[in-house]
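So the chains spell out like this:
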Amino acid sequence: MKIDLRSDTFTKPTPGMLDAIARAEVGDDVFGEDPSVNELESRMASLFGMEAALFCPTGTMSNQVAIKVHTRPGDEVICEQQAHVYIYEGGGIAFHSGSQVKALAGNRGRITADQVVSAINPDDVHKARTSLVCLENTSNRGGGSCYNWDDILAVKQVCQINGLALHLDGARLFNALVATGQTARQYGQTFDSISVCFNKGMGCPIGSVLIGNRDFIRQARRVRKVFGGGMRQAGFMAAAAIYALDHHIDRLAEDHQHAREIAALLATKEFIGTILPVETNLVIFEVKGRYTAATLVDTLKHYDIHSLAISPTQIRMVTHLDITRAMTDRLLQVLNEL
Ligand SMILES: *Cc1c(COP(=O)(O)O)cnc(C)c1O
């Protein structure tokens, strides 16, 4: 039994999703004529109580399109120092938008309103024009941490006072909603733009949706085309995302339960150091003593259990749609015997 905990991007479509893909009604989306893409975009817009949405092939494209629309060359974007938009998108903010980043040291990937206030540049010709704040929820490098709602509202207030746009990298936003009980509408009322991934624990082969107001999405559609992301019969993939909306959101709670059980067992082992608090489906922990991150990953590989060394001393395990109860039990048993 292969147990692949390296990432929730490894999920594959279920038979039900494959069936939805096969039956999808499609058209040319660059002409605006793909009914499945149109349905996904309008469902996402109404789920978040926003005006419009745009289907993109990847979360990276959604984020980078949003940043391009919100900024001008020479601007400065505020985000956490381990934010995906900053460290995992190939320097995209500089490459696509000609903007620079002010990266803040947060708490497990989260930044506060006070930090944002002190990071805003004064109106001074020496300084880059601060124009955008990006938050990430859940935070990937923060071990799947979630923002408290009040902390988001405080950041929003700072953005309003200072005329800054606020973008959410919500690659795993559905995990945060399921874990906290916060609603999509709260997010839609607060952020100027939101990107949500369907290629993570949602089981879809590809896809991300960018949500915002009508004027923002109109501009984003143009930028997506410029980036080469205008897709034709994308409805096959939109149908997968619609299926995921209907079938794969509530079940994220199971992934979170599995992750908590894994962390609880790890906490009993003497070769495990600090484990980041588990709030959703990511388990990030330190390895010490008998093992390094690399040797523990190797040891587990002999049991066909696959995890990711994210630093010389840290391993990441991610639970998702394709990690069953039986697989979690097997993992717990193997770890227990080490
Ligand atoms: C995965 C991820 C993305 C987007 O990744 P793609 O592979 O481009 O879809 C964006 N932000 C975060 C936090 C992610 O984890």
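Heads up: the structure comes first, above all this text.
None of these values were measured; they are calculated from a predicted model.

J.: Explain a nonpolar patch on the surface to me, using residue names and the numbers behind them.
T.: Together, Y86, I87 and Y88 line one region of the surface with nonpolar side chains, adding up to about 270 Å² of accessible area. Secondary-structure assignment places Y86 in helix α4 (residues 84-87). Overall, the relative accessible area of 36% leaves Y86 in the partly exposed class.

J.: An account of the environment of Y243 is requested, with residue identities and associated values reported.
T.: Relative to the assigned elements, Y243 resides in helix α11 (residues 235-247). Using a relative accessible area of 18% as the deciding quantity, one classes Y243 as buried. Between the C-alpha atom of Y243 and that of A184, which follows or precedes it by 59 residues, the distance is 18 Å. Discounting chain neighbours no more than four positions away, the residues touching Y243 are T14, G16, M17, A20 and H248.

J.: Mind laying out the side chain of D8, listing which residues take part and the relevant values?
T.: Looking at the element boundaries, D8 is found in the loop between β1 (3-4) and α1 (15-22). Once residues within four sequence positions are removed from consideration, D8 is found in contact with R172, N199, K200, G201, N281, V318, T319 and H320.

J.: Describe the site of the ligand, and please don't skip the residues or the numbers.
T.: Around the ligand, a shell composed of 14 residues is seen, among which G59, T60, D169, N199 and K200 lie nearest. One of the side-chain N or O atoms of N140 is found 3.0 Å from an oxygen atom in the ligand. Within the contact set of the ligand, an oxygen atom lies 2.8 Å away from a side-chain nitrogen or oxygen of K200. Expressed as a share of its isolated accessible area of 380 Å², the protein-covered part of the ligand is 87%.

J.: How would you explain the packing of helix α8 (residues 173-180) against helix α12 (residues 252-266) if you had to name every residue and give the values?
T.: Axis angle and axis distance: for two packed helices, these are the angle between their axes and the distance between the axes, and together they describe the pair. Their axes nearest at 9 Å, the elements α8 and α12 cross at an angle of 80°. Between α8 and α12, the angle falls in the class roughly perpendicular. Counting all contacts with α8, which are made through F174, N175, V178 and A179, the residues of α12 involved are L252, A253 and H256. Grouping the amino acids of the contact of α8 with α12 by side-chain chemistry returns five nonpolar, two polar and no charged.

Analysis parameters
- Residues numbered from 1 in each chain as written.
- Predicted model: local features only at pLDDT ≥ 70, side-chain atom pairs only at ≥ 80, totals over all residues.
- Heavy atoms only, no water.
- Patch = residues over 30% accessible without salt bridge, like charges linked within 9 Å, V, L, I, M, F, W, Y side chains within 5 Å.
- Areas by Shrake-Rupley, 256 points an atom, 1.4 Å probe, with all protein chains shown as cover.
- Salt bridge = Lys/Arg side-chain N within 4 Å of Asp/Glu carboxyl O.
- Helix = DSSP H or I, 4+ residues; strand = E, 2+ residues; numbered from the N terminus.
- Buried < 20%, exposed > 50% of the residue type's maximum accessible area, 1.4 Å probe, protein only.
- Contact = heavy atoms within 4.5 Å.
- Near = heavy atom within 4 Å.
- Polar contact = N/O pair within 3.5 Å; in protein donor to acceptor, adjacent residues only side chain to side chain.
- Axes fitted to C-alpha atoms, helices over the stretch in contact; angles between N-to-C directions.
- Parallel < 35°, antiparallel > 145°, perpendicular 65-115°, else oblique.
- Nonpolar A, V, L, I, M, F, W, Y, C, P; charged D, E, K, R; others polar.

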